[in-house]
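Okay, here's what each chain looks like letter by letter:
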Amino acid sequence: MAAIKRLEQLGYVESRKAMAYQLENSSPLLSWKPGRSTQPDFTAIASANRRRWNGEVRETTVITATRQAIARFGGSFRKVRPQEVEHDLRVANFYLDLSPQDQSSWRIEDAIPNDQFGDKRPDAVVIRNGTPVVIEAVGRAYGSSKLQSIFQHFQNYHLELI
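Since we're looking at a predicted model, the values are computed, not measured.

Rules used in this analysis
- Residues numbered from 1 in each chain as written.
- Predicted model: local features only at pLDDT ≥ 70, side-chain atom pairs only at ≥ 80, totals over all residues.
- Heavy atoms only, no water.
- Helix = DSSP H or I, 4+ residues; strand = E, 2+ residues; numbered from the N terminus.
- Buried < 20%, exposed > 50% of the residue type's maximum accessible area, 1.4 Å probe, protein only.
- Contact = heavy atoms within 4.5 Å.
- Salt bridge = Lys/Arg side-chain N within 4 Å of Asp/Glu carboxyl O.
- Pairing = 2+ DSSP bridges.
- Axes fitted to C-alpha atoms, helices over the stretch in contact; angles between N-to-C directions.
- Core = buried A, V, L, I, M, F, W, Y, C linked by side-chain atoms within 4.5 Å.
- Left-handed = near helix turned anticlockwise from the far one by under 90°.
- Nonpolar A, V, L, I, M, F, W, Y, C, P; charged D, E, K, R; others polar.

1. As for the side chain of Thr 60
Phase 1: Positionally, Thr 60 belongs in strand 3 (residues 58-65).
Phase 2: Judged by relative accessible area, which is 14%, Thr 60 ranks as buried.
Phase 3: Aside from chain neighbours lying at most four places away, what touches Thr 60 is Arg 16, Lys 17, Ala 18, Gln 22 and Leu 89.

Laid out in C-alpha cells, this is it:
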C-alpha cells in the first residue's frame, strides 16, 4: 500500500471505499467459438451467474487513475460510476488472472475503436493465437434475455462471458 500512497501523493491515483460483491472465481460462464452447431443454454448460464453472486457485500478499496495520470501516461479518464463498481472489479480481477501473454494483448473497452464490433464495444478484447477474443463481464442482475442479446451481437467472434 506504500506505493499506492505515493501515487496518491503525486496526484496520479485516487482511492475510495465502495461496497461490492467480490467474485473469487474468474472462470468464464461461457467460452464460445463461432461455427458451433448448438446455441448456448442462456437459462443455465443465467442460473450459474446468480449462484456465483451468492456471497456477501464487502467494503473494498477502489483505486482509479486521475486526469493528471492520464495526461502523463496515456489512457482515458472516466469518473467512477457507483453502479458499475462490481462490473469494473470483475473485469479487473479477470485481467489479473490472465497469463502475461493475454495481459500484453488486452484492450479495455475505451481503447477499442467504436466501430470495430458494430454498434457495441465489448468490455475488453484479448488476442489469442492471432484471434480476437471478446470479453464481456456479466453483472449480477443479468438474466437470460440480456445474455442472449450480448451473445447475438458477438456470436461471430470468439466470446467469453465472465
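Further notes follow.
2. Considering the pattern of salt bridges
Phase 1: According to the stated counting rule, one finds eight salt bridges in the structure shown.
Phase 2: Two residues, Asp 110 and Arg 121, come together in a salt bridge whose shortest N-O distance is 3.9 Å. Taken as a pair, Asp 110 in the loop between strand 4 (107-108) and strand 5 (124-128) and Arg 121 in the loop between strand 4 and strand 5 lie far apart in primary sequence, eleven residues in all.
Phase 3: Judged by relative accessible area, Asp 110 falls into the partly exposed class, the value being 33%.

3. Brief notes about the sheet that holds strand 7 (residues 158-161)
Phase 1: Here five strands make up an open sheet; going across it, the order is 2-7-6-5-4 and the pairing mixed. Edge strands, defined here as strands with exactly one partner in the open sheet, are strand 2 (30-32) and strand 4.
Phase 2: Helix-sheet contacts for helix 6 (residues 144-154) involve strand 2, strand 6 (131-136) and strand 7, and the interaxial angle to strand 7 is about 160°.

4. Examining the nonpolar core
Phase 1: Formed by 16 residues in total, the largest nonpolar core has its most connected members in Leu 30, Phe 117, Leu 147, Phe 151, Phe 154, Leu 159 and Leu 161.
Phase 2: Sorting the residues of this core by element identifies strand 2, helix 2 (42-52), helix 6 and strand 7 as the ones contributing at least two each.
Phase 3: With four residues, the top contributor of residues to this core is helix 6.
Phase 4: Excluding residues within four positions of it along the chain, Leu 30 makes contact with Pro 40, Ile 45, Phe 151, Leu 159, Glu 160 and Leu 161.
Phase 5: Membership of the second largest hydrophobic core comes to ten residues, among which are Val 91, Phe 94, Val 133 and Ala 137.

5. Here we look at the packing of helix 2 against helix 6
Phase 1: The contact between helix 2 and helix 6 brings their axes to 8 Å, and the two run at 115°. For the pair helix 2 and helix 6, the sense of crossing is right-handed. Listed contacts from helix 6 to Phe 42, Thr 43, Ile 45 and Ala 46 of helix 2 are Ser 144, Leu 147, Gln 148 and Phe 151.
Phase 2: Across the contact of helix 2 with helix 6, the residue classes tally to five nonpolar, three polar and no charged.

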